[in-house]
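For reference, the chains in residue letters:
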Amino acid sequence: MKQYILRRVILMIPLVFGVTTATFALIHLIPGDPVELMMSNARQLTEEEIHRIRDKLGLNDPLPIQYVRYVTNLLKGDMGKSVRSRSDVSYEIMQRLPDTIILTVTSICLVLVLALPIGIISALKRGTWIDTLAMTFALFGVSIPAFWFGIMLMLIFGLHLDWLPTVGQGKTPIEFARSLILPSVTLSLILLGLVTRVARSSMLEVLSLDYVRTARAKGLGARWVNFRHALPNALIPILTIVSGQFASLLGGAVLIEKVFGWPGIGRLAVDSIFARDYLVVTNTVLVFAIMVILVNLANDILYCYIDPRIRFQ
Amino acid sequence: MAEHIVDLAADAAFIELTEPKSFFYKATRQLLGKKQAILGFAVLLVLVLAAVFAEQIAPYDPYKTNYANVKQPPSAAHFIGTDELGRDGFSRLIYGARISLMVGVSVSAISTTVGVALGAIAGYFGGAVDMIIMRAVDLFMAFPFLVLAIALVAVFGPSLFNMMLALILLYWIWFARLVRGMVLTLRETEFVVGAKAAGASDISIIFRHILPNVFPVVVVQGSFSVADAILIAAGLSYLGLGAQPPTAEWGSMLSNAKELMRILPVLSIAPGVAIMITVLAINFIGDALRDALDPTLRN
């Protein structure tokens, strides 16, 4: 077990290396001189001054040296300074990261609470009207633009019924929870349809296996067979899909945060693009990627506890 | 695309009398036997016609501002009202079909072609090409798709063209991975080994023996990717990273309508419904295509 986890962690290293290289490349691909971008509000600089600033920032060094410095700074938690707020980029991101995590985790919980029962019931009632209804629901789930669904929820529950706040984040715990409802429900739509479909097909597949038939032939009750024998095995592929789709949930969070004015790192990234605050943009992208890599690692480790067969492959 | 398949059906009906039933005949028969598919094709046909003949259908010029007639509620003259510049919402909606369909189809078509070509090369020849492509795939998979698309648009600069470029750059990888995996299996099959033993060239093996087997899955996934690209493009345009104002595009119309949400909710509702109908129609077709073309996925 320890060996397996160790191997997973070691396999992660080249990926992290690749991801940092990609964001480093992104920084250098951005058109325009970084010094000029940084000084866009300040007075016009002479050639000599620009050269001196470039020297000071190390922008005249060869790229490999710049890359090494970039990575060492990252390891120290230094991501440079934001042009817009003049504060540390790492500070800006760390301040907003918890809000994005709270939003995505709440959405994942909602997805599991809604999609699992719907998918499993529709598998057990295959071919009935319940199944048709559930699959129609899933089809709409993958066809509705999530951000527009959010706007609709805003219209209905915010403006029309006036039950919930539409934008921003509440300060007190109760206000906070209330302001979290609409964004997290909206975000959960991104995975709801997919996970319902996967839950259904994975349950159907397990139900057709020999050992389930054996359990039935033994005379075990339907409920016992369905929930004790079939369900645990059906959950494994669902787990893979949910953690594999964590990335698309994070991507969706960018849009949803923007729609609801939720102060997470997704909105930070989008706002920074328009403010030409590129260090914030690239570092947010990096933080997103690291979150995805960590979730995949956690999934791999969790997986080998749940399904011991994995370890021997 | 819709007309093409209907043609295929006519051909198939003719062939039935003369030839033994082909794969395409059976697939088309299955496709047309599905109510969902018919509905999907019908809706898509309407949308395509609306996009092509937008000039003739739209009651007003979608870019014509009219300050005497701003923020009008829905009426017989303006089905979904007018926006803050007095532009007719319904006309803008019709022109919006152009952009969405164009983006969806071209992003999907180009990235599918590139992805299939590179995936086939990687899977068939292996070696350095394969390694580079697969490492690129691993890397891109580590980023949330939308985040990477946003980052690329930030690099290129926000515009409709740059957004399409960014989407193509990200989508092909997905197809390359899919096709590579299939080619790896096909390469070892008896008919390919046999063709090789018979002296067939690599090119002819790829085109005559491998690609035809990849084709059904690619068509199915390609059709789903049209729907996906439309959704993502609308989202990016909503953020202001895709189609730029004053372009009549559904995503940017939604972002525009946000200011008027209280007084004119219909402007926030209609473009989303249009996206949903388009995506649903394409997903209907995709589902039916999958059932018809991909025997391994048939229930």
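Let me sum up the structure you'll find in this document. This is a predicted model, so every value here is computed, not measured.

What to know about the overall build of chain A
Here is step 1: On a plain count of helices and strands, chain A comes out with 13 helices and zero strands.
Here is step 2: For chain A, the sequential pattern of α-helices and β-strands runs α-α-α-α-α-α-α-α-α-α-α-α-α.
Here is step 3: For chain A, the spread of C-alpha atoms along the principal axes amounts to about 85 × 55 × 35 Å.
Here is step 4: The proportion of buried residues among the 313 residues of chain A is 45%.
Here is step 5: A fraction of 72% describes how many contacts in chain A between residues 6 or more apart in sequence connect residues 24 or more apart.
Here is step 6: Carbon and sulfur atoms provide 66% of the accessible area of chain A, an area that totals close to 16200 Å².
Here is step 7: Counting 29 positive and 21 negative side-chain charges, chain A places the centres of these two groups 13 Å from one another.

Quick word on the pattern of salt bridges
Here is step 1: On inspection of all chains with the given rule, the structure shows 13 salt bridges over all chains.
Here is step 2: Between aspartate 271 of chain A and lysine 258 of chain A there is a salt bridge whose closest N-O contact spans 2.7 Å. Within this pair, whereas aspartate 271 of chain A is found in helix H12 (residues 265–274), its partner lysine 258 of chain A is found in helix H11 (residues 246–260), the two being separated by 13 residues in sequence.
Here is step 3: With relative accessibility at 29%, the residue lysine 258 of chain A sits in the partly exposed group.
Here is step 4: Each of Arg197 of chain A together with Asp287 and Arg290 of chain B takes part in one network of salt bridges that share partners.

Looking at the environment of tyrosine 238 of chain B
Here is step 1: Structurally, tyrosine 238 of chain B can be placed in helix H10 (residues 202–238).
Here is step 2: Sequence separation between tyrosine 238 of chain B and glutamate 190 of chain B is 48 residues, and the spatial gap between their C-alpha atoms is 51 Å.
Here is step 3: What tyrosine 238 of chain B contacts, discounting residues up to four positions off in sequence, is Phe147, Ile151, Leu255 and Val259 of chain A together with Gly251, Ser252, Leu254, Ser255 and Lys258 of chain B.

Examining the nonpolar core
Here is step 1: With 135 residues, the main nonpolar core has Phe147 of chain A together with Ile150, Met163, Leu167 and Leu236 of chain B as its most contacted residues.
Here is step 2: With 14 residues, the top contributor of residues to this core is helix H12 (residues 265–293) of chain B.
Here is step 3: Those residues in contact with methionine 163 of chain B that sit more than four places away from it in its chain are Val103, Val153, Ala233, Leu236, Ser237, Leu241 and Gly242 of chain B.
Here is step 4: Membership of the second largest hydrophobic core comes to 15 residues, among which are Met182, Ile205, Val217 and Val218 of chain B.

Regarding a nonpolar patch on the surface
Residue and element names in this part refer to chain B.
Here is step 1: A cluster of nonpolar side chains, namely Leu45, Leu49, Val52, Phe53 and Ile57, defines an oily patch on the protein surface of about 420 Å² accessible area.
Here is step 2: At three residues, the largest contribution of residues to the nonpolar patch is made by helix H3 (residues 35–52).
Here is step 3: With respect to the helices, strands and loops of the structure, leucine 45 is situated in helix H3.

A look at the interface of chain A and chain B
Here is step 1: Taken together, the contact pairs 42 residues of chain A with 38 residues of chain B.
Here is step 2: Where chain A packs against chain B, one counts one salt bridge.
Here is step 3: Between arginine 197 of chain A and aspartate 287 of chain B there is a salt bridge whose closest N-O contact spans 3.7 Å.
Here is step 4: Scanning the region where chain A abuts chain B turns up four residue pairs in polar contact (both at pLDDT 80 or more).
Here is step 5: Counting residues per element, the ones that place at least two in the side of chain A that touches chain B are helix H1 (2–29), helix H6 (129–143), helix H7 (146–160), H11, H12 and helix H13 (278–306) of chain A.
Here is step 6: No other element matches the eight residues that H11 of chain A contributes to the side of chain A that touches chain B.
Here is step 7: Of the residues contributing to the side of chain A that touches chain B, the split by class is 34 nonpolar, five polar and three charged.

As for helix H7 (residues 145–156) of chain B
Counting along an α-helix, one turn takes 3.6 residues, and residues three or four places apart therefore face a common direction.
All names here are of chain B.
Here is step 1: End to end, H7 covers 16 Å across 12 residues, agreeing with the expected 16 Å (1.5 Å per residue, within 8%).
Here is step 2: H7 sits mainly inside the fold: 10 of its 12 residues count as buried.
Here is step 3: Buried within H7 we find Leu146, Val147, Leu148, Ala149, Ile150, Ala151, Leu152, Val153, Ala154 and Val155.
Here is step 4: Once H7 finishes, glycine 157 follows within two positions and takes phi at roughly 100°, a positive value.

Focus: the packing of aromatic side chains
Here is step 1: In total, this model carries 11 aromatic pairs over all chains according to the counting rule given.
Here is step 2: Summarising the aromatic geometry, the rings of phenylalanine 24 of chain A and tyrosine 67 of chain A are spaced 5.2 Å apart at their centres and angled 70° between planes, so their arrangement reads as edge-to-face. One end of the pair, phenylalanine 24 of chain A, is in helix H1; the other, tyrosine 67 of chain A, is in helix H4 (residues 63–75), and 43 residues separate them in sequence.
Here is step 3: Looking at phenylalanine 24 of chain A, the relative accessible area reads 10%, which means it is buried.
Here is step 4: Residues phenylalanine 147 of chain A and tyrosine 238 of chain B carry aromatic rings whose centres are separated by 4.9 Å and whose planes lie at 45° to one another, so their mutual orientation is tilted. With one member in each of two chains, phenylalanine 147 of chain A in helix H7 and tyrosine 238 of chain B in helix H10 form a pair that bridges those chains.
Here is step 5: A relative accessible area of 7% means that tyrosine 238 of chain B is categorised as buried.
Here is step 6: Three or more aromatic residues joined by ring pairs make a cluster, and in this case those are Phe17, Phe24, Tyr67 and Tyr70 of chain A.

Each value, and the rule that gives it
Residues numbered from 1 in each chain as written. Chains lettered and ligands numbered in written order. Predicted model: local features only at pLDDT ≥ 70, side-chain atom pairs only at ≥ 80, totals over all residues. Heavy atoms only, no water. Helix = DSSP H or I, 4+ residues; strand = E, 2+ residues; numbered from the N terminus. Buried < 20%, exposed > 50% of the residue type's maximum accessible area, 1.4 Å probe, protein only. Contact = heavy atoms within 4.5 Å. Areas by Shrake-Rupley, 256 points an atom, 1.4 Å probe, with all protein chains shown as cover. Lys, Arg positive; Asp, Glu negative; His and termini not counted. Charge placed at Lys NZ, Arg CZ, Asp CG, Glu CD. Salt bridge = Lys/Arg side-chain N within 4 Å of Asp/Glu carboxyl O. Core = buried A, V, L, I, M, F, W, Y, C linked by side-chain atoms within 4.5 Å. Patch = residues over 30% accessible without salt bridge, like charges linked within 9 Å, V, L, I, M, F, W, Y side chains within 5 Å. Polar contact = N/O pair within 3.5 Å; in protein donor to acceptor, adjacent residues only side chain to side chain. Nonpolar A, V, L, I, M, F, W, Y, C, P; charged D, E, K, R; others polar. Expected span 1.5 Å × (residues − 1). Phe/Tyr/Trp six-rings, centres within 6.5 Å; stacked < 30°, edge-to-face > 60°.

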